[in-house]
Structures are given as structure tokens and as C-alpha cells.
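# What the coordinates show
Next come the chains, spelled out residue by residue.
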Amino acid sequence: MTDCLYLNDSYLRECQARVERVDGKRVFVDKTVFYPQGGGQPSDTGKIVRASDAVEFKVEKVLKESGEAAHYVDREGLAAGDSVRLEIDWARRHKIMRMHTAAHVLGFVMFSRGVLVTGNQLGDALTRFDFNLEAGLHREALEEGVAAANELLRSGAEVKAFELPREEALKIPGVVKLADKLPPAIERLRIVQIGDFDAQADGGTHVRSLSEVGQLRIEKIENKGAANKRVYFSLSNPV
Ligand SMILES: [Zn+2]
């Protein structure tokens, strides 16, 4: 199991680690600051720097494979036992953290209006949401939801992450909002709570405060079948 440091501190940009195993261009380390792709959040990119000679290996993606984070690097050369420094592309990650946090707020607003999120894919420039909507739901209703989400974003509420026993966590109303995506059978769930209005089971990275997020804007709406709408959002910088 890789020790995933971002779970306790999403603001860590780098860490020292030890290479445990290498399989071609897949590198496994004892601990990491890289988020492995999952839960709608893309993996981090960045680099691994070998301590002995400062040679850099570009990390192109990170995937979770049997509980371990597999770091896919651009070339071979690292070996088990190497001391390394892991460094993520922080500008990109921070944008994704803002997007991820905005997605919670929008998900909360839509959920409270009876609209389920059936899927989402976060990005650093655009984030995609699939909403289960009654056919005929109008753009205005979506825009009202976004306006309500933006008002909450301007409140600057605090964002916290903590663990709860599974049974206790699942008592929180709406803790699992993504339709059909219950977390796997684990004993403790990580909960991400925003202000006093939203709590969600979640293993991703978020900002500490809504004041870091900015404002959502609808960029594109597509119809996906009779009851689904796919909506693309961008995020302005916070003022
Ligand atoms: Zn999240």
C-alpha cells in the first residue's frame, strides 16, 4: 500500500520517498504526493528526481493498481532502493482542487433541487457534469443552480476532510451523491465537509476555503438521451 500523503494534506507539493519496485516505466514508491486518477479526478503530473544525481523522470500519469500508486514515467532508469523526491505540477493540481471543490458545491445545490449527478469528470480548464434531468428542463433552471452555487462559493466557507466509521458516515443525509457510486466496502470513510451545508464521502483533493475557488460559468450544454444533460463548466479566478 502506498502512503497517500495528499489525503491528510492536499497542499503538499513534494515529498521524499523511496522506490520500492520498478516495472518498466511503472514506479512504485513507499509514499506519494501524487493523486492517482479516480473518482472523476484526473491524476497529477510532475516529476521524480533521483537524489544521488538529480536526474529527473517525468511523471505522465498515476494510476491506482491493487492499492498501490503506479507512477508512469517517461523513461526507464529508476531502481528499487533509490532515494527520490516527488514533485507535482502544482499550478495544475491547484486548479483541479478548485474545480473539485466547486463541483461539490454545485452538486449540493442541484441535489437539494432534486437533480442527481450521474457522473463527472474534473479538469483544470473545464469540468463536465452529467445531470439526470426531467426532459425539458430549461437552461434557466441550470443557470439558477449555478447562480446559487456561486453565491455559496462567495461565502468563503471552510472545507475540512476527516474520517468516520462507515456506519456513522452513511447516516449523513446525501453523503453519497453520485448516483450508483457507493464507496467500496471499507471500514472508515473519508468525509469532505463544506461549511455546515455539505458532507460527502470522498478521496480527492480540495481547497481549504471556498474563497480560493472563484465562480462557475456554464460553457456548453449537451443532451445525452432523454433524461440526461452533459454540462461543461469553467471557473473564473477568485477576486
Ligand atoms: Zn471531492
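On a predicted model such as this, the values are computed, not experimentally measured, just so you know.

Bringing the sheet that holds strand β11 (residues 159-165) into the picture now. Spatially, the three strands line up as an open sheet ordered β11-β12-β13, and their pairing is antiparallel. Taken across any chain shown, the strands that pair with only one partner, and hence form the sheet edges, are β11 and β13 (198-201). Adjacent strand axes in the sheet meet at a mean angle of 30 degrees, parallel and antiparallel pairs treated alike. The sheet contact formed by β11 and strand β12 (residues 188-194) spans seven bridges and is antiparallel. Paired with lysine 160 across the bridge in β12 is glutamine 193.

A word on the packing of helix α1 (residues 90-112) against helix α2 (residues 139-154). Remark: α1 packs on α2, axes separated minimally by 9 Å, with the N-to-C direction vectors making an angle of 130 degrees. Taken together, the axis directions place α1 and α2 in an arrangement best described as oblique. As α1 packs across α2, the resulting crossing turns out to be right-handed. Residues Ala102, Val105, Leu106, Val109 and Met110 of α1 touch α2, and the partners they reach there are Gly145, Val146, Ala148, Ala149, Leu152 and Leu153. Grouping the constituent residues of the contact of α1 with α2 by class yields ten nonpolar, one polar and no charged.

Turning to the nonpolar core, a few remarks are in order. In this structure, Ala102, Val105, Leu106, Phe131, Ala149, Leu153 and Leu216 are the most contacted members of the largest nonpolar core, which totals 30 residues. Taken together, the elements giving at least two residues each to this core come down to α1, β10 (127-132), α2, β12 and β15 (228-235). It is α1 that contributes the most residues to this core, ten residues altogether. Those residues within four positions of leucine 106 in sequence are excluded, and the remaining contacts are Phe129, Gly145, Val146, Ala149 and Leu216.

The end-to-end C-alpha distance of α2 is 22 Å, a good match for the 22 Å that 16 residues give at a rise of 1.5 Å each. For α2, the elements touching its buried residues are α1, β14 (216-224) and β15. Once α2 ends, the next one or two residues include glycine 156, with phi positive near 70 degrees.

Attention now moves to the sheet that holds β10. With antiparallel pairing, the four strands of this open sheet are ordered in space as β9-β10-β15-β14. With one partner strand each, in any of the chains shown, β9 (116-121) and β14 form the two edges of the open sheet. On average, adjacent strands in this sheet sit at an angle of 25 degrees to one another, irrespective of strand direction. The pairing of β9 with β10 spans five bridges and is classified as antiparallel. Pairing of leucine 116 across the sheet is with asparagine 132, part of β10. Most of the contacts of α2 go to β14, to which it runs at about 145 degrees, and overall it touches β14 and β15.

The residue glutamate 60 is located in strand β6 (residues 56-65) in this model. Since 13 C-beta atoms lie within 10 Å of it, glutamate 60 is described here as partly exposed. Between the C-alpha atoms of glutamate 60 and histidine 71, which are eleven residues apart in sequence, the distance is 7.7 Å. Those residues within four positions of glutamate 60 in sequence are excluded, and the remaining contacts are Thr45, Tyr72 and Asp74.

It is worth spelling out the domain arrangement of the chain at this point. Domain annotation for the chain reports domain 1 (3-88) and domain 2 (93-235). Taking the mean C-alpha position of each, domain 1 and domain 2 sit 28 Å from one another. Among the residues making up the side of domain 1 that touches domain 2, the classes are represented as five nonpolar, four polar and one charged.

Inspection of the sheet shows strand β2 (residues 14-23) paired to strand β8 (residues 83-88) by five bridges, in the antiparallel sense. Bridge assignment links glutamine 16 to a residue of β8, and that residue is arginine 85. Relative to strand β3 (residues 26-29), β2 runs antiparallel, the two being bridged by four bridges. Bridge pairing in β3 links arginine 21 to phenylalanine 28.

Once that is clear, we can look at unusual backbone geometry. Despite not being glycine, alanine 54 has its phi angle at roughly 60 degrees, a positive value. A positive phi angle is found at serine 66, which is not glycine, with a value near 50 degrees. Tracing the backbone shows serine 66 in the loop between β6 and β7 (68-73).

Definitions and cut-offs
Residues numbered from 1 in each chain as written. Predicted model: local features only at pLDDT ≥ 70, side-chain atom pairs only at ≥ 80, totals over all residues. Pairing = 2+ DSSP bridges. Helix = DSSP H or I, 4+ residues; strand = E, 2+ residues; numbered from the N terminus. Axes fitted to C-alpha atoms, helices over the stretch in contact; angles between N-to-C directions. Parallel < 35°, antiparallel > 145°, perpendicular 65-115°, else oblique. Left-handed = near helix turned anticlockwise from the far one by under 90°. Contact = placed C-beta atoms within 7 Å. Nonpolar A, V, L, I, M, F, W, Y, C, P; charged D, E, K, R; others polar. Core = buried A, V, L, I, M, F, W, Y, C linked by C-beta atoms within 7 Å. Buried ≥ 20, exposed ≤ 12 C-beta atoms within 10 Å, placed from the backbone. Expected span 1.5 Å × (residues − 1). Domains from an automatic or database assignment.

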